[in-house]
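Residues per chain are reported as follows:
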Amino acid sequence: MTEYFRIIEIRIKDCKDGGIDTRIHGIKIKSSTEQDMGLSQDLFCNKNLKRYPKLENWDKELLYRRAIALQRFVTLLDSVLPYIVPQWQHSVGTFKCLEVVRQFFPLSKKRLYLIETFLHESESSVPNIIPKVFVNRCTAAEHRAEPAVDPECKQAIFTQIFEGLKPRDRFEKSLNYRWPLRHDQWWECKFALECIIDQGGGFRDSLADMADELCPTDENAAMPLPFFIRAPNQFNVDLNVNRDVYVSNACCKEFSKYEWIGKLMGACLRSKESLVLAFPSFVWKKLVGEPVSWLRDYVTVDSAEVKLMENIEAMDEEAFSSYFGEEKTFMCTLCDGSDVPVKPCGADLPLTYKNRPEYVELVKETKMHEFDKQLDAIRLGLLKVIPQAVLDLLTWQELEKKVCGDPNITVEALRKQTIYEDVDSNDVRVSQLWAALTNFTSEDRSRFLRFVTGRRRLPAPIYICPDKGDEIVDSLPESSTCSSTLYLPKYSSAKVAEEKLRYAAYNCIAIDTDTSPWDD
């Protein structure tokens, strides 16, 4: 429909060259409602919807009107949000009543301010003295190779740091992890047989090492710690998602250490550090307090079990008899591979076609709450560092990203984090670096990021400097994780640069250039 306006007021906000020879190339009329909301129907064209395939076949006018309605709803939500839980109640307040609209929170303009306020008002002062912990990564590597030799995991880096941070006497207080954002080093590491003056790089290395012990990135590596186990989806060859996730070990009863993991997660949320824990959405939702369902969420843990229960419910009696016979009882297999009854005396109760609905519901109930005690301990530690209201205002996706960092390490994202010092961005060495990183996989880039910064996830600043020995060609790159600096040598070709950078990312972990190994 065409509308005609008798008078149009045009306000020129900015003119180039002082307005000389200025021409108006076109005028687009927007309603005041559109202008306030920051939306126009053009946003919903096919070109912009390519990233959202589920919306491509929807009527564009309908999408636009729904967006306007959502924006208006969020505006109303923002107008009442501060009054639902007053800011001064950050330690005891809860936004639980807004559970049904939690997924709209990222659209809120006032929510981030509230979160920052709650975090600021609940933070503690920076400690006067940074605690020192002594870590032996050589014995930790031996433990990772053969965990059975050290069943109590005393040599694991996680255990060494956990024990090293315990108060030495009754007058020393435990760390509370509620520090302000500027406190970027929680402890100082002294690595045995490695010469390091830890100004942050060693600390970040220790966080990355602990994360790799808790949730190993190598799918064939033995589990060096008992707190988490590989989810059944890791063994499902038919899956192409959720193949790297871990869940809490229901058999592990070391709840004080689960609580410490929760505290570390809370400290990461308050800071720019990251602890990369490969949990499925089912776990993150439980930690943040979102409701979970069998079909939508538990499938991220064990899709084969979800499919099996669907088949049992849908089977006719003939198919049921031929598939199960009289062998199956009221037992189910947990994530750790152990078999447990889903009701008292379930091992002696045969599964029949008539009682199968009861069996399916009992299996769902058992599996959905299999490791609740362990998650409750993690959540307890998390809430000792983060106010309840902050968790209530976060979605599970945001909690994961704030704790673990951004999992998608693209070349563009790395470029945005990069700062050049004493080298031009157009230098051949820099061009070879970006060519190599473009050929890297996401895992390669994560390894590279850790080699330079000590972190496995973004955000992390990267400083690029020329190599200290400028005349040497085709040498391995050096890095300083304390300053997040990469010293880039000259290479004879882009292929050699890629090979050297990849080798360094995977093999050059130890820090051994700060001091002499013979110094005290």
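Residues numbered from 1 in each chain as written. Predicted model: local features only at pLDDT ≥ 70, side-chain atom pairs only at ≥ 80, totals over all residues. Heavy atoms only, no water.

1. Digging into the pattern of salt bridges
Convention followed: In the sections that follow, a salt bridge refers to a side-chain nitrogen of Lys or Arg positioned within 4 Å of a carboxyl oxygen of Asp or Glu. Segments assigned H or I by DSSP are reported as helices when at least four residues long, segments assigned E as strands when at least two residues long, and all are numbered from the N terminus. Three labels apply to residues, based on accessible area from a 1.4 Å probe with only protein chains included: buried if under 20% of the type maximum, exposed if over 50%, partly exposed otherwise in between.
Counting across every chain of the model gives 22 salt bridges. For D302, the salt bridge goes to K367, with nearest N and O atoms at 3.7 Å. Separated by 65 residues along the polypeptide, D302 in the loop between helix 8 (281-288) and helix 9 (303-314) and K367 in helix 11 (residues 356-368) bring together distant segments of the chain. With a closest N to O distance of 3.2 Å, R502 and E498 form a salt bridge. With R502 and E498 both in helix 18 (residues 494-507), this residue pair falls four residues apart, about one helical turn. Residue classification places R502 among the partly exposed positions, given a relative accessible area of 26%.

2. Details of helix 7 (residues 255-270)
It helps to recall that an α-helix has 3.6 residues per turn; residues three or four apart then point in one direction. Cut-off, in case you're wondering: Here the expected span of a helix is defined as 1.5 Å times the quantity of residues minus one.
For helix 7, spanning 16 residues, the distance from its first C-alpha to its last is 23 Å, which sits close to the expected 22 Å at 1.5 Å a residue. The buried fraction of helix 7 is high, at 14 of 16 residues.

3. Digging into the sheet that holds strand 7 (residues 418-420)
Applied cut-off: Two strands pair under a simple rule: DSSP has to find at least two bridges between them. Whenever a helix is involved, its axis is fitted only over the stretch in contact; in every case the axis is a line through C-alpha atoms, and angles between N-to-C directions fall within 0 to 180 degrees. A contact between two residues is defined here by any heavy atoms of the two lying within 4.5 Å.
Reading across the sheet, the four strands line up as 7-8-10-9 and stay open at both edges, with mixed pairing between neighbours. Pairing within the sheet leaves two strands with one partner each, and these edge strands are strand 7 and strand 9 (478-480). Strand-to-strand, the axes of this sheet are offset by a mean angle of 25°, without reference to chain direction. Looking at chain direction, strand 9 and strand 10 (residues 485-488) are connected through three bridges and run antiparallel. Bridge assignment links S480 to a residue of strand 10, and that residue is T485. Its contacts with the sheet place helix 16 (residues 428-439) against strand 7, strand 8 (462-466) and strand 10, and it is angled at close to 115° to strand 10.

4. Quick look at empty space enclosed by the protein
The line we're drawing: Here a cavity is any set of points on a 1 Å grid over the protein atoms alone where a 1.4 Å probe fits but cannot get out, and a pocket is any open set with protein on both sides within 12 Å along at least 5 of 7 lines; a residue lines the site when it has an atom within 4 Å of a point. Grid points are joined across faces, edges and corners, and a volume is the space filled by probe spheres set on the points. In this classification, Asp, Glu, Lys and Arg are treated as charged, Ala, Val, Leu, Ile, Met, Phe, Trp, Tyr, Cys and Pro as nonpolar, and every other residue, Gly included, as polar.
Taken as a whole, this structure holds two cavities of 30 Å³ or more when the rule is applied. By volume, the largest cavity amounts to about 60 Å³. For the largest cavity, the full set of lining residues is R204, L207, A208, A211, E273, S274, L275, V276, G454, R455 and R456. A breakdown of the residues in the lining of the largest cavity according to their chemical character gives five nonpolar, two polar and four charged. Roughly 40 Å³ of volume is contained in the second largest cavity. If you trace the second largest cavity, you find it lined by Y177, W179, P180, H183, W186, A267, R270 and S271. Broken down by class, the residue content of the lining of the second largest cavity amounts to five nonpolar, two polar and one charged.

5. Topic: the pairing of strand 8
Both strand 7 and strand 8 contribute to a ladder of three bridges, which runs parallel. Bridge pairing links T418 to I462 in strand 8. For strand 8 and strand 10, the ladder comprises four bridges, and the chain directions are parallel. Among the inter-strand pairings, I464 is bridged to a residue of strand 10, identified as L486.

6. What to know about the nonpolar core
Convention followed: We define the nonpolar core as a collection of buried residues of types Ala, Val, Leu, Ile, Met, Phe, Trp, Tyr and Cys that are connected through side-chain atoms lying within 4.5 Å of one another.
Ranked by internal contacts, the top residues of the largest apolar core, which has 95 residues, are W187, F228 and M265. The element best represented in this core is helix 7, accounting for eight residues. Setting aside residues no more than four positions away along its own chain, W187 makes contact with I130, P131, V133, I161, L165, D198, F203, S206, L207, M210 and L264. By size, the runner-up hydrophobic cluster in this structure holds 27 residues, among which are A413, L437, A497 and A504.

7. Side note on the pairing of strand 10
Two faces, one strand: in a regular strand the side chains alternate between the faces of the sheet. The side-chain alternation of strand 10 yields two buried faces, one formed by T485 and Y487 and the other by L486 and L488. Hairpin connection from strand 9 to strand 10: four residues lie between these consecutive antiparallel strands, with S484 at a positive phi of about 55°.

8. Some details on the packing of helix 8 against helix 12 (residues 372-383)
This is how the line gets drawn: Just so you know how the angles are binned, under 35 degrees is roughly parallel, over 145 roughly antiparallel, 65 to 115 roughly perpendicular, and the rest oblique. For a crossing to be left-handed, the near helix must be turned anticlockwise from the far one by less than a right angle; the clockwise case is right-handed.
Here helix 8 crosses helix 12 at 55°, and the two axes come no closer than 9 Å. It follows from the interaxial angle that helix 8 and helix 12 lie oblique. Relative to helix 12, the crossing made by helix 8 is right-handed. Contact residues: helix 8 offers V283, K286, L287 and V288, while helix 12 offers D372, L375, I378 and R379. Looking at side-chain class alone, the contact of helix 8 with helix 12 contains five nonpolar, no polar and three charged residues.

9. Focus: the environment of A208
Here A208 shows up in helix 6 (residues 201-214). What makes A208 buried here is its relative accessible area of 6%. The sequence separation of A208 and R457 amounts to 249 residues, and the corresponding C-alpha distance is 9.7 Å. With residues near it in sequence (within four places) discarded, A208 still touches R450, G454 and R456.

10. Details of helix 12
For helix 12, with 12 residues, the first-to-last C-alpha span of 16 Å sits near the 16 Å given by 1.5 Å per residue. For helix 12, the set of buried residues is Q374, L375, A377, I378, R379, G381 and L382.

11. Observations concerning the packing of aromatic side chains
Filter applied, for reference: Each Phe, Tyr or Trp ring, with Trp reduced to its six-membered ring, pairs with another whose centre is within 6.5 Å; inter-plane angles below 30 degrees give stacked pairs, above 60 give edge-to-face pairs, and intermediate values give tilted ones.
Tallied over the entire structure, the rule returns 23 aromatic pairs. Ring centres 5.1 Å apart and planes at 65° place the aromatic pair F158 and W260 in the edge-to-face group. Of this pair, F158 sits in helix 5 (residues 157-164) while W260 sits in helix 7, and the two are 102 residues apart along the sequence. Side by side, F158 and W260 carry an identical accessibility label, which is buried. Taken together, a centroid distance of 5.3 Å and an interplanar angle of 75° make the contact between F330 and Y359 edge-to-face. With F330 in the loop between helix 10 (317-324) and strand 5 (331-333) and Y359 in helix 11, this pair connects stretches of sequence that are 29 residues apart. Taking the relative accessible area as the measure of exposure, F330 reaches 0% and is therefore buried. These aromatic residues form a ring-pair network of at least three members: F158, F162, F227, F228, F255, Y258, W260, F279 and W284.

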